[in-house]
Amino acid sequence: MDVGADEFEESLPLLQELVQEADFVGLDIEFTGLRSNLSGPQQISLFDLPSEWYLKTRQSVQQFTVCQIGLSVFSAIEGEANKYIAHSCNFFLFPTTFGILDSEFSFQASSVQFLNQYGFNYNKFLKNGIPYMNEEQEKKIRHDILTGNWRVRSSPDKDQIKAVIDKVTRWLDLAKEGDWMTLPGIAGFQAFEVQLVLRQALPDIWTVLKDEGVVVKKVSKQHRWYLQNTSCDRESCWKENILLSARGFSVFFQMLVKAQKPLVGHNMMMDLLHLHEKFFRPLPESYDQFKQNIHSLFPVLIDTKNVTKDIWKEMNFPRVSNLSEVYEVLNSDLNPTKSSGPEIVHASRCEKYVKTKCPHEAAYDAFLCGSVLLKVAHLLLQKIHGIDPVPESSFPQYLDVLAPYVNQVNLIRAGVPKINFSGPDYPSIRPPILILSIKRWPGISEQQVYHKFQNLCKFDVRRLTRSQFLLLTNKFKDARNVLKEYRGHPTLCISLYRYWRHSPDVNCVLQVCGIVTAWALLAFIFGRSGP
């Protein structure tokens, strides 16, 4: 089910009911870009501590925006053993342009091509995207609306408002009290915006929003005062409705947070960063504060990438490179619990994915996340019990076997493989750092070192001294191969990096200590041999 601004408010009560009754919610988000073109020390690398990775990635999140959110709400069907129904929805989003809010964001060419390749509907995103804002933006807008300091700021809105005021003013010159006119084609919170401007500019009119558009009625000043203060459409209540419409998807985000349901994604770290920035608050500078905030919003996170990495090693499943391939393996005869695992059906309004595969459409990927979670959890439960089928499988049982993976979110490229949102991060389990010492190659750069080894294995490279570089890979096999291949090499000497032996800072301290010790020894010797 695709939901844009025109359908969103009408579907909100149903969505709220679905989330409240759900066992868990699958999530996937599409963006206008993923990474800023960072270079040098700002580039993401395997050398980064989680806090360093966060600060670098934070810049990209602030630069790009969300264009589509997919949710798949999974609920166990009452009275049917181990059977689940999935309600999957695509939400097309576009930042709120209202009053002082006029966001800037970038497009990354590769991301646009990628989404276009998979049939992304850019018209729906740009023309009918659901507005949204975070809490800080909401405070500013609320203050301006309720204090009467609100103004139209963007040029397209100003042109539209000016045309509307001119049209209504010309009509007023000829209209009699009680006459009315309709302004068609104005919907959503922009209809509230138009009404607010008209009511502020023209004291002898009243406005009402109807299905056909904004209806403008000519009234006396006394009647206007009466309507403002006594009708169900009185101004204070009406301004709250404006704010509610301007908040858009942020209203549903708060419902999702309040429901406190387990949130399931696949490689979901970027999703969490954008959820925080776009719907909660601007990302803090503190990495620890970010972790605390996310944990308070979503106490139970499950990253299927993190879960499946371990399962794949144990089960000797074939290598996979994306979520769709993970789902296909678990849905095939390679999965020993395929026939006894949970049955998943699509809701009546969400049957698009029954026969059609739509990779990288957010709702489809969210559905795959939820399905993979259930199938992997059943596999883990079967391994614990040692029998198949497992009697009376239920989602609480699945959560119990998934406990080691809860709040462990995968990191694609950093010094640690995952982030722990409910406590301290685990120490690195990456291969050891290697040190490359170079002879007879003056002026060599990090890029040249990278290209030198890329046919053998891919390393992240960081300069240590003028002739020394640190090498780091995420595969133990690659580290062993390069040590073996370059053993005894005349110009490229590679060995394991030892901080106390190779660090320039330690060497500097040792040299200073050596000099001080030597001078002290000389002073002692000559002091004793004096008269």
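Because the structure is predicted, anything quoted here is derived from the model rather than measured.

About the cut-offs
- Residues numbered from 1 in each chain as written.
- Predicted model: local features only at pLDDT ≥ 70, side-chain atom pairs only at ≥ 80, totals over all residues.
- Heavy atoms only, no water.
- Helix = DSSP H or I, 4+ residues; strand = E, 2+ residues; numbered from the N terminus.
- Buried < 20%, exposed > 50% of the residue type's maximum accessible area, 1.4 Å probe, protein only.
- Contact = heavy atoms within 4.5 Å.
- Areas by Shrake-Rupley, 256 points an atom, 1.4 Å probe, with all protein chains shown as cover.
- Pairing = 2+ DSSP bridges.
- Axes fitted to C-alpha atoms, helices over the stretch in contact; angles between N-to-C directions.
- Salt bridge = Lys/Arg side-chain N within 4 Å of Asp/Glu carboxyl O.
- Patch = residues over 30% accessible without salt bridge, like charges linked within 9 Å, V, L, I, M, F, W, Y side chains within 5 Å.
- Lys, Arg positive; Asp, Glu negative; His and termini not counted.
- Charge placed at Lys NZ, Arg CZ, Asp CG, Glu CD.
- Parallel < 35°, antiparallel > 145°, perpendicular 65-115°, else oblique.
- Nonpolar A, V, L, I, M, F, W, Y, C, P; charged D, E, K, R; others polar.
- Phe/Tyr/Trp six-rings, centres within 6.5 Å; stacked < 30°, edge-to-face > 60°.
- Lys NZ or Arg CZ within 6 Å of the ring centre and 35° of its normal.
- Polar contact = N/O pair within 3.5 Å; in protein donor to acceptor, adjacent residues only side chain to side chain.
- Core = buried A, V, L, I, M, F, W, Y, C linked by side-chain atoms within 4.5 Å.

Student: Can you help me understand the overall build of the protein in this one?
Tutor: Each helix and strand counted, the protein has 20 helices and 18 strands in total. Every one of the 531 residues in the protein was classed for burial, and the buried ones make up 48%. For the protein, the proportion of contacts with a sequence separation of at least 24, taken over those separated by at least 6, is 71%. A total accessible area of about 27,400 Å² is found for the protein, and carbon and sulfur atoms account for 53% of it.

Student: Explain the pairing of strand β17 (residues 468-472) here, please?
Tutor: On a regular strand, each side chain points to the face opposite its neighbour's, so the side chains alternate between the two faces of the sheet. With respect to burial, β17 is a largely interior element, 5 of its 5 residues being buried. Burial along β17 is two-sided: Gln 468, Leu 470 and Leu 472 facing one way and Phe 469 and Leu 471 facing the other are all buried. Bridging between strand β16 (residues 460-463) and β17 involves 4 bridges; their strand directions are antiparallel. Counterpart to Asp 460 in the pairing with β17 is Leu 472. In sequence, β16 turns back onto β17 through a hairpin of 4 residues.

Student: Help me out: how do you make sense of the sheet that holds β16 in this one?
Tutor: Two modes of strand pairing occur in sheets, parallel and antiparallel, and in both the strands are linked by backbone hydrogen bonds. Sheet architecture is open: 4 strands sit in the order β16-β17-β15-β18, paired in antiparallel fashion. Of all the strands in the sheet, just β16 and β18 (492-496) have a single pairing partner and so form its edges. With strand direction ignored, the average angle separating the axes of adjacent strands in the sheet is 25°. Here helix α17 (residues 446-453) sits on the sheet and contacts β15 (434-438), β16, β17 and β18; the angle it forms with β16, its principal contact strand, is near 145°.

Student: What should I look at first to understand the pattern of salt bridges in this one?
Tutor: Here the idea is simple: oppositely charged side chains can pair when their charged atoms come close. If you walk through the whole model with that rule in mind, you get 15 salt bridges. Residue Glu 135 is joined to Arg 281 by a salt bridge in which the shortest nitrogen-to-oxygen separation is 3.2 Å. On the criterion of sequence distance, the pair formed by Glu 135 in helix α5 (residues 135-147) and Arg 281 in the loop between α11 (269-280) and α12 (287-297) is long-range, its members being 146 residues apart. For Glu 135, a relative accessible area of 22% puts it in the partly exposed group. Residue Asp 166 pairs with Lys 162 through a salt bridge whose shortest N-O separation is 3.4 Å. Residue Asp 166 and its partner Lys 162 are both found in helix α6 (residues 155-174); the two are separated by 4 residues, about one turn of the helix. Accessibility expressed as a relative area gives 52% for Lys 162, which makes it exposed. Overlapping salt bridges bring together Asp 48, Lys 56 and Arg 462 as one network.

Student: Which parts of the structure should I look at to understand a positive patch on the surface?
Tutor: On the surface, a cluster of positive charge is contributed by Arg 319, Lys 458, Lys 475, Lys 477 and Arg 480. Relative to the helices and strands, Arg 319 is located in the loop between α13 (304-315) and α14 (323-330). The class of Arg 319 is exposed, set by a relative accessible area of 79%.

Student: Honestly, the packing of helix α1 (residues 5-21) against helix α10 (residues 249-259) in this entry has me stumped. Any pointers?
Tutor: When two helices pack together, their arrangement is given by the angle between the helix axes and by the axis-to-axis distance. Remark: α1 packs on α10, axes separated minimally by 10 Å, with the N-to-C direction vectors making an angle of 5°. Considered as vectors, α1 and α10 are oriented roughly parallel to each other. Counted together, Phe 8, Leu 12, Leu 15, Gln 16 and Val 19 of α1 and Phe 249, Val 251, Phe 252, Met 255, Leu 256 and Ala 259 of α10 form the full contact between these two elements. Its residues assigned to classes, the contact of α1 with α10 comprises 10 nonpolar, 1 polar and no charged.

Student: Honestly, the packing of aromatic side chains in this entry has me stumped. Any pointers?
Tutor: Given two aromatic rings, one states the distance between the centres and the angle between the planes to describe the pair. Applying the stated criterion across every chain, the model contains 28 aromatic pairs. Ring geometry for Phe 453 versus Phe 459: centroids 6.1 Å apart, planes at 85°, classification edge-to-face. Ring-pair connections join several aromatic residues into one group, and the members of that group are Phe 8, Phe 91, Tyr 132, Phe 249, Phe 252, Phe 253, Phe 279 and Phe 298. Here Arg 199 stacks its cationic end above the ring of Trp 206, 3.8 Å away from the centre of that ring.

Student: For this particular structure, what's the right way to read the side chain of Thr 308?
Tutor: With respect to the helices, strands and loops of the structure, Thr 308 is situated in helix α13. Given a relative accessible area of 6%, Thr 308 falls into the buried group. A distance of 2.8 Å separates a polar side-chain atom of Thr 308 from the backbone oxygen of Thr 304. Here Thr 308 is in contact with His 266, Val 326, Val 372 and Val 376, once residues within four sequence places are set aside.

Student: Any chance you could explain the nonpolar core here in plain terms?
Tutor: General note: in soluble globular proteins, nonpolar side chains tend to be found buried as a group. By size, the foremost hydrophobic cluster in this structure holds 54 residues, and its most contacted members are Ile 69, Phe 91, Phe 249, Phe 252 and Leu 275. Taken together, the elements giving at least two residues each to this core come down to α1, β2 (24-31), α2 (50-63), β3 (66-76), β4 (83-92), α10, α11 and α12. Contact partners of Ile 69, with chain neighbours within four places excluded, come to Leu 27, Asp 28, Ile 29, Cys 89, Asn 90, Phe 91, Leu 93, Phe 249, Leu 275, Phe 279 and Ala 362. Counting 37 residues, the second largest nonpolar core, distinct from the first, contains Leu 379, Leu 381, Phe 395 and Leu 402.

Student: Quick question: what am I supposed to make of a nonpolar patch on the surface here?
Tutor: Together, Ile 515, Trp 519 and Leu 522 make up an exposed nonpolar region whose accessible area comes to about 350 Å². Within the fold, Leu 522 resides in helix α20 (residues 504-529).

Student: What am I meant to see in the sheet that holds strand β9 (residues 213-218) here?
Tutor: As summarised here, the arrangement of the 3 strands in space is β7-β9-β8, forming an open sheet in which the pairing is antiparallel. In the strand order of this sheet, the two ends are held by β7 (180-183) and β8 (205-210), each with one partner. Going across the sheet, the axis of each strand differs from the next one's by a mean of 25°, ignoring polarity. The pairing of β7 with β9 spans 4 bridges and is antiparallel. When the sheet's bridge partners are listed, Trp 180 is paired in β9 with Lys 217.

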